[in-house]
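A look at the structure
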Amino acid sequence: MKIFRIALVLMLVCVFTSVASEARPSQNVIDFMNVLNGVFTNKKQVDDEIAQNSSVRHELSVFTFLPVVVPAFGETPVIWLRQIYAYMFEQQLLVVKETDDGNILITPYHFTKNLYKGSRLYDLKIYKDLTEDDFTYIEDCNIVFTRVASDFYVGHWPDCVDRTQPDNKLNVTCNVLTIEVTSSESPEYGLEPYYHELEGNKFPLPPFLSDIDKTKVCS
């Protein structure tokens, strides 16, 4: 089965662009930060396939989307992403903005230093000490989400390491994250989707976002 990747942290030589001077985030951005938020896992899908002796088997996949404050980005909304897939572990920061046509634009930033602590868990306390030199990004590697309902976004997430691969399609609601992976050999035939369910509660938004959040989506 093809291993899907969301921008692996490999061979990144890019220039960091400061985003500290962005205007106040829109309500659409704040709502998105509430939707793509929390720990999503496909454990139930994996367990069901084993119990049913299914011919289709998915690897265990866990995504953590945690809203964070990173002074190097000012008050631009940022999500810390940690992905665990089979034996692969990666993390990055997702900078969230809104385009002129109302879509959500995400730029993934990667860490230039080894910031793992102890048992490979990220030490969130060091965010306040990070500077522009601690990040890189792949130029023209952007993820775009379109809002189709109050708590439903559809996104296209490219493999920015291997540009020959088709985009992964993501559907995300308050409680479910679905990832559709298309085979590069047969783009018209997608592999069986990965179904992730929210595990536990949503994370709180940073104060500068929660203070101006009017709709409280997913609350």
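Quantities reported herein were computed from a predicted structural model and do not represent experimental measurements. Residue numbering note: each chain is counted from 1, following its sequence as written. Given that this is a predicted model, residues contribute local features only at a pLDDT of at least 70 and side-chain atom pairs are listed and counted only at 80 or more, while totals for whole chains, interfaces and linings are drawn from all residues. To get the side-chain values, all heavy atoms of the structure are used, and hydrogens and water are removed first.

1. What to know about the packing of aromatic side chains
Pairing of aromatic rings covers Phe, Tyr and Trp, the last counted by its six-membered ring, and requires centre-to-centre distances within 6.5 Å; plane angles under 30 degrees mean stacked, over 60 mean edge-to-face, and any other angle means tilted. Evaluated as defined, the whole model comprises 9 aromatic pairs. Measuring from ring centre to ring centre gives 5.1 Å for F73 and F135, while their planes differ by 65°; the resulting arrangement is edge-to-face. Here F73, found in the loop between β2 (61-68) and β3 (78-85), pairs with F135, found in strand β8 (residues 135-137); they are 62 residues apart in sequence, far enough to count as distant. This pair shows no difference in class: F73 is buried, exactly as F135 is. Strands are runs of DSSP state E lasting at least 2 residues, helices are runs of H or I lasting at least 4, and numbering of each runs from the N terminus. For the exposure calls, accessible area comes from a 1.4 Å probe over protein chains only, and a residue counts as buried if that area is under 20% of its type's maximum, exposed if over 50%, partly exposed in between.

2. With respect to the pairing of strand β12 (residues 176-180)
A pair of strands is labelled paired if DSSP reports no fewer than 2 bridges between them. Relative to β12, strand β11 (residues 168-173) runs antiparallel, the two being bridged by 4 bridges. Of the residues in β12, the one forming a bridge with K169 is E180. Taking the residues that link successive antiparallel strands as the turn, the β11-β12 hairpin has 2 residues. Where β12 lies against strand β13 (residues 194-199), 4 bridges are found, and the strand directions are antiparallel. Within the sheet, the bridge partner assigned to I179 lies in β13 and is Y194.

3. With respect to the environment of S61
For S61, the position within the fold is in strand β2. The sequence separation of S61 and Y194 amounts to 133 residues, and the corresponding C-alpha distance is 8.3 Å.

4. With respect to the state of the cysteines
Should the sulfur atoms of two cysteines be covalently bonded, the bond is a disulfide. Cysteine sulfur atoms that pair up within 2.5 Å are treated as a disulfide. Tallying each qualifying case throughout the model produces 1 disulfide. In this model C174 forms its disulfide with C218; the gap between the sulfur atoms is 1.8 Å. Between C174 and C218 the disulfide shows an S-S torsion of about -80°. By sign, it is left-handed. Remark: C218 occurs in the segment after α3 (207-210) and C174 occurs in the loop between β11 and β12; sequence separation between them is 44 residues.

5. What to know about the pattern of salt bridges
Think of a salt bridge as a Lys or Arg side-chain nitrogen and an Asp or Glu carboxyl oxygen that are within 4 Å of each other. As enumerated under the stated definition, the model contains 3 salt bridges in all. In this structure, R147 and D31 form a salt bridge, with 3.0 Å as the shortest nitrogen-oxygen distance. Here R147, found in strand β9 (residues 143-149), pairs with D31, found in helix α1 (residues 27-35); they are 116 residues apart in sequence, far enough to count as distant. For D31, a relative accessible area of 3% puts it in the buried group. We note a salt bridge from K44 to D48, for which the minimum N-O separation is 2.9 Å. Residue K44 and its partner D48 are located together in helix α2 (residues 43-51), separated by 4 residues, close to a single helical turn. A relative accessible area of 48% means that K44 is categorised as partly exposed.

6. So, the nonpolar core
Put simply, buried Ala, Val, Leu, Ile, Met, Phe, Trp, Tyr and Cys residues joined by side-chain atoms within 4.5 Å make one nonpolar core. If you look at the biggest cluster of nonpolar residues, it comprises 33 residues, and the most contacted ones within it are F32, F65 and F145. With 5 residues, α1 is the single largest residue contributor to this core. Once residues within four sequence positions are removed from consideration, F65 is found in contact with L36, N37, G38, F40, I79, W80, L81, L94, L177 and F203. Membership of the second largest hydrophobic core comes to 15 residues, among which are A72, W80, Y127 and Y137. When checking whether two residues touch, look at their non-hydrogen atoms; a contact exists if any pair is within 4.5 Å.

All we've got here are geometric facts, nothing functional implied.
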